[in-house]
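# Chains, contacts and geometry: an overview
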Amino acid sequence: MQRDRIRTAVMLCAAAALAAAAVPTSASARPAAADRAVAVDCFSNSQVRPGDFLIACGDGNNRLITLRWTQWGPTSAVGSGLDAVNDCQPYCAAGKFHTYPVKVRLDRPQSWQKHPDLQHFTRLQLVYTDSTPAQTHRVVTYKLWD
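For the structure given in this document, a descriptive report is provided here. Just so we're clear, the structure is a prediction, and the values are computed from it rather than from any experiment. (Residues numbered from 1 in each chain as written. Predicted model: local features only at pLDDT ≥ 70, side-chain atom pairs only at ≥ 80, totals over all residues. Heavy atoms only, no water.)

## Here we look at the state of the cysteines
Using the following cut-off: The definition used for a disulfide is geometric: two cysteine sulfur atoms within 2.5 Å. Strands here are runs of E lasting at least two residues and helices are runs of H or I lasting at least four, both read from the DSSP assignment and numbered beginning at the N terminus.
By the definition in use, this model includes two disulfides. Here C42 connects covalently by a disulfide to C57, the sulfurs 1.7 Å from one another. The chirality of the disulfide connecting C42 with C57 is left-handed, given an S-S dihedral of about -80°. Of this pair, C42 sits in the loop between β1 (39-40) and β2 (46-47) while C57 is found in the loop between β3 (53-54) and β4 (62-72), placing the two residues 15 residues apart along the sequence. C88 shares a disulfide with C92; S-S distance 1.9 Å. For the disulfide bridge between C88 and C92, the dihedral angle about the S-S bond is near 95°, and by the sign convention the bridge is right-handed. Sequential numbering of the bridged cysteines in the protein chain gives the disulfide pattern 1-2, 3-4.

## Points about the pairing of strand β5 (residues 76-86)
Put simply, the rule reads: Only protein chains enter the accessibility calculation, which uses a 1.4 Å probe. A residue is then buried if its area is under 20% of the maximum for its type, exposed if over 50%, and partly exposed in between. The pairing criterion is simple: DSSP has to find at least two bridges between the two strands.
In terms of burial, β5 is a largely internal element, eight of the 11 residues being buried. Bridge count between β4 and β5: eight bridges; the pairing is antiparallel. Looking across to β5, one finds that W69 is bridged to G79. Joining the antiparallel neighbours β4 and β5 is a turn of three residues. Sheet topology note: the β5/strand β6 (residues 97-111) ladder contains 11 bridges and is antiparallel. Bridge assignment links N86 to a residue of β6, and that residue is F97.

## Section: the pattern of salt bridges
Short version of the rule: Only one rule defines a salt bridge in this text: a Lys or Arg side-chain nitrogen within 4 Å of an Asp or Glu carboxyl oxygen.
Tallied over the full model, the rule gives three salt bridges. The salt bridge partner of D107 is R123, with a shortest N-O separation of 2.8 Å. Pair noted here: D107 is in strand β6 and R123 is in strand β7 (residues 119-128), with a separation of 16 residues, a long-range link. Residue classification places R123 among the partly exposed residues on the basis of a relative accessible area of 23%. If you follow the salt bridges from partner to partner, you end up with R105, D107 and R123 in one network.

## As for the side chain of D41
In plain terms, the rule: Charged-residue counts in this description rest on Lys and Arg as positive and Asp and Glu as negative, His and the chain ends being excluded. Two N or O atoms count as a polar contact when they lie within 3.5 Å, although within protein this holds only if one can serve as hydrogen donor and the other as acceptor, and sequence-adjacent residues are included solely when both atoms are side-chain atoms. Only heavy atoms enter the contact rule, under which two residues are in contact if any of them lie within 4.5 Å.
Note on placement: D41 falls in the loop between β1 and β2. It is R63 that comes nearest to the buried, bridge-free D41 among opposite-charge side chains, at 7.5 Å. Here the side chain of D41 touches N45 through a polar contact of 2.8 Å, landing on its backbone nitrogen. Setting aside residues no more than four positions away along its own chain, D41 makes contact with Q47, F53 and W145.

## Quick notes on the packing of aromatic side chains
Using the following cut-off: Only centres within 6.5 Å qualify two rings of Phe, Tyr or Trp (six-membered ring in Trp) as a pair; their planes then separate them into stacked at under 30 degrees, edge-to-face at over 60, and tilted for everything else.
Within this structure, the stated rule accounts for three aromatic pairs. Residues Y100 and Y128 carry aromatic rings whose centres are separated by 6.3 Å and whose planes lie at 85° to one another, so their mutual orientation is edge-to-face. Placement of Y100 in strand β6 and of Y128 in strand β7 is noted, with a sequence separation of 28 residues between them. Per residue, the accessibility class of Y100 equals that of Y128, and both read buried. Through a chain of ring-to-ring contacts, three or more aromatic side chains come together here, namely W69, W72 and F121.

Structure follows, in structure tokens:
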């Protein structure tokens, strides 16, 4: 009789565990991807809080480095880092990279064509906090690729 009670208790626990696992999550629960947007790099890779980000996809002469993010959410991301820019003097292959401190903002999320269920930022704004590269305004805005 004791054996039957133990067997019954084990069976009830197993049935309860299976039932709990089979219940779908609430309709209000969102997947993690919906909680934040991603940055899409030149190689169509999605990134969250990247440490570096290539701006000049064609020639690699402009890249954000040492990025640190203070906020990353579904509508915007804010951080700071360095903008490494090639001076291309006397020509780009022989040029030197110079770094400029910047504040970075990503925003305007839209559905990403490659993964329509994922939002990606479509605008990148840099604010130079010290000097700027030659012929560059203190605030620069880029449209990001899809």
